[in-house]
Amino acid sequence: MKIRLTILFLAIVTIGFAQKREFRKIENAITKGDISNAIEIFNTIQKSEVEDQFKGQYNFYNAAALIDVTGKTKPTLEKAYEALDALKMAESLGYTNPVLMSQVKSYIIDSLLEIANTKLKAKDNSGALEIVNRLSDEAPNDLNMLYNAANLAYQVGEFEQAENQYAELFAKGYTGQTVTYTAVNAQTKVEEVFPNITLRDVSIKTGTHISPAESTSPSQLGRIVTNLVWLQKNNDDIDAAKATFDKALTKYGDDKSVNISKADNYLTLGMMKEYEEANKALSEEVKDPKVYDNLALAAINAKEYDQAIKYYEMSISLKPDNFVSLSNLGVAYVQKGNLESTSAADQEILYKKAISVYEKAHKLDTSNKNVINTLVSLYDVFSMDDKVTAMKAKL
C-alpha cells in the first residue's frame, strides 16, 4: 500500500485545480510526505467550483479520497461503489494516466473483494455475489474477474450462472495464469509485490526498489473444465459434458492442470476404466509435490475443499514430511467439516483426520503456535482433556 501511496501522490503535482491556494497547500503537504493532510486539503475543494478542464482530475482524486488510499479507514460498500463511479467519471471526462488509474482501480477492487469476503463469512452469499458480479459487469473484458464470479457462483450454488461463465471462459481459452511482479525495497530490503509491471518498473527507475523479478501462477484451466463438466452433467446434459472434456483434451492437451484433472472428469462421466488408468498415470507422471501444492492452494482459495484434500494428499504421498502441506491439509479437513452441508457424522471423521495430520505437522515443528492452538481446539471437541492440557503447556 505504501508503494501505491507514494507513486500516486508524487504525480499530483502535475495537476492543476481551479483553487490555486488549495493546490499550493496540497503540494506543500506532499513535499513533506504528509499524504493524509494532502487528502484532507483535497476534501476542502468544492466540486461545484472546479473548472471544466479539471473535472477529470477532480473525479480521479475524489475516487482516491472516497476509497481512502491512506489506509486509515476501511471503506463501506457505498463508499467503494462511489469511488468506482468517480473513477469511471474521471475516465469519461478524459483523465488518462494509466499508472495512477491502475493503482486506484486496484485499490477499489481489493476493497470490494474484501467486503465480499466479509459478507461470505457472514453467510450473506447473495450480497457477496452481487459485488463480484458488478465488478465483472464493470469490466467485461477482464476474464480474471469473470473467473472470480464463476467460482463464487459455483461455490454458493448459483449453478446456472456458474455454468454460463465457465463456458465463456473455456470458449475464450482462459487459463487463469497470472504474472506476479516483485522487487526488493532498497531501504527495507523486503521483497514487495506490485499490481502490474508498469508500477514495478517505475519503482526500479526511481531507485526506490531493486532486483525486479516475476513469477507465473499455475494454470486453472483444469478446474474450469472439471467444474464445467460437472455442471453440465448435473444439468442432465451428458453429451455437452463429454464434448467439453473431449475438446479440453484435444485443444489443451499440453496444459498440466487439464492432464491432472483427467481422472476427476472420467469419474464424473462414469468412465471407470479410463478413470483408473488416469489415476495410475497421474501417480507415475507427476513427481513434484509443488505441482499438487499449487493446485490445492488454488482449490482452498476457491473453497473447493474436496479438490484441495485430494491434491494435498497426493503432495504428501510424494513428500510425507512437508510441514506446510500437512498444515494446509488440516485446514482443508476442518473447513470442509465446518460446511453447513457436512453432516455431524462426517464432521467428526474430518476433524479426526485433521487431528492426525496436525499431529504430524506438530512433530515437524513443535514451536508453531498456530498448529498448537488448532490442536487444542480439536482435542477439546472430543474431550481429550489430557492432550489439551499437554498442548496448552507448550504455548
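A few points on the structure. (Residues numbered from 1 in each chain as written. Predicted model: local features only at pLDDT ≥ 70, side-chain atom pairs only at ≥ 80, totals over all residues. Heavy atoms only, no water.)

Counting its regular elements, the chain contains 21 helices and three strands. Judged by the C-alpha coordinates and their principal axes, the chain covers about 75 × 60 × 40 Å. Going through the 395 residues of the chain one by one, you find that 46% of them count as buried. For the chain, long-range pairs separated by at least 24 residues make up 58% of all intrachain contacts whose partners lie at least 6 apart in sequence. Once the 45 positive and 53 negative side-chain charges of the chain are each reduced to a mean point, those two points are 5 Å apart. (Helix = DSSP H or I, 4+ residues; strand = E, 2+ residues; numbered from the N terminus. Buried < 20%, exposed > 50% of the residue type's maximum accessible area, 1.4 Å probe, protein only. Contact = heavy atoms within 4.5 Å. Lys, Arg positive; Asp, Glu negative; His and termini not counted. Charge placed at Lys NZ, Arg CZ, Asp CG, Glu CD.)

Another point: the sheet that holds strand β2 (residues 191–194). Here we have three strands laid out as an open sheet, ordered β2-β1-β3, and antiparallel in their pairing. A single partner strand is all that each edge strand has here, and the edge strands are β2 and β3 (209–216). On average, each strand axis in the sheet is inclined to that of its neighbour by 30 degrees, with strand direction left out of account. With six bridges joining them, strand β1 (residues 179–185) and β3 adopt antiparallel strand pairing. Bridging across to β3, Val179 finds its partner in Thr216. Across the face of the sheet, helix α10 (residues 197–206) comes into contact with β1, β2 and β3 while running at roughly 160 degrees to β3. (Pairing = 2+ DSSP bridges. Axes fitted to C-alpha atoms, helices over the stretch in contact; angles between N-to-C directions.)

Taken as a whole, the largest pocket spans an internal volume of roughly 1800 Å³. Taken together, 50 residues form the lining of the largest pocket, with Ile109, Leu113, Asn144, Met145 and Asn148 sitting closest to its centre. Secondary structure elements with two or more residues in the lining of the largest pocket: α5 (77–92), α6 (98–121), α7 (125–138), α8 (143–156), β1, β2 and α16 (289–301). In terms of residue count, α6 provides more of the lining of the largest pocket than any other element does, eleven residues in total. Taken together, the residues that form the lining of the largest pocket break down as 26 nonpolar, 15 polar and nine charged. Lining the second largest pocket we find 35 residues, and of these Gln155, Lys303, Glu304, Tyr305 and Leu339 sit closest to its centre. The residue makeup of the lining of the second largest pocket, split by class, is twelve nonpolar, 13 polar and ten charged. (1 Å grid on protein atoms, 1.4 Å probe; cavity = no way out; pocket = protein on both sides within 12 Å on 5 of 7 lines; lining within 4 Å. Points joined across faces, edges and corners; volume = space filled by probe spheres on them. Nonpolar A, V, L, I, M, F, W, Y, C, P; charged D, E, K, R; others polar.)

Here we take up the side chain of Gln307. By the secondary structure assignment, Gln307 is in helix α17 (residues 305–318). According to the relative accessible area criterion, Gln307 is buried, its value standing at 19%. Not counting chain neighbours up to four residues away, the residues in contact with Gln307 comprise Asp264 and Ala299.

Our next topic: the pairing of β2. In this structure, β1 lies alongside β2, joined through four bridges in antiparallel fashion. Directly across from Thr182, in β2, lies its bridge partner Val193. In this antiparallel pair of consecutive strands, β1 and β2, the connection spans five residues, and Lys189 shows a positive phi of 65 degrees.

With that settled, the discussion passes to the nonpolar core. Counting residues in hydrophobic clusters, the biggest one holds 63 residues, and the most contacted among them are Phe60, Ile108, Leu112, Tyr166, Leu169 and Phe170. It is α6 that contributes the most residues to this core, ten residues altogether. Core analysis: the second largest hydrophobic core is formed by 35 residues, Ala299, Ile309, Leu375 and Val388 among them. (Core = buried A, V, L, I, M, F, W, Y, C linked by side-chain atoms within 4.5 Å.)

Let's shift gears to α10. Within α10, burial applies to Leu199, Arg200 and Ser203. For α10, the buried positions fall inside an angular range of 100 degrees around the axis, keeping them on one side. Directly beyond the C-terminal end of α10, a positive phi value near 85 degrees is found at Gly207. (Arc of directions from axis to C-beta.)

Further remarks concern the packing of helix α11 (residues 221–234) against helix α12 (residues 238–251). Running from N to C, α11 and α12 cross one another at 165 degrees; their axes reach a closest spacing of 7 Å. With respect to α12, the axis of α11 lies roughly antiparallel. Handedness of the α11/α12 crossing: left-handed. Within the contact between the two elements, α11 uses Val225, Leu228, Val229, Gln232 and Lys233 and α12 uses Ile238, Ala240, Ala241, Thr244, Phe245 and Ala248. Here the residues of the contact of α11 with α12 sort into eight nonpolar, two polar and one charged. (Parallel < 35°, antiparallel > 145°, perpendicular 65-115°, else oblique. Left-handed = near helix turned anticlockwise from the far one by under 90°.)

A separate point is empty space enclosed by the protein. Tallied over the full model, the rule gives one cavity of 30 Å³ or more. Roughly 30 Å³ of volume is contained in the largest cavity. For the largest cavity, the full set of lining residues is Gly222, Arg223, Thr226, Asn227, Ser261, Asp264, Glu304, Gln307 and Tyr311. In terms of residues, the lining of the largest cavity owes the most to one element, α11, which gives four residues. Residues of the lining of the largest cavity, tallied by class, amount to one nonpolar, five polar and three charged.

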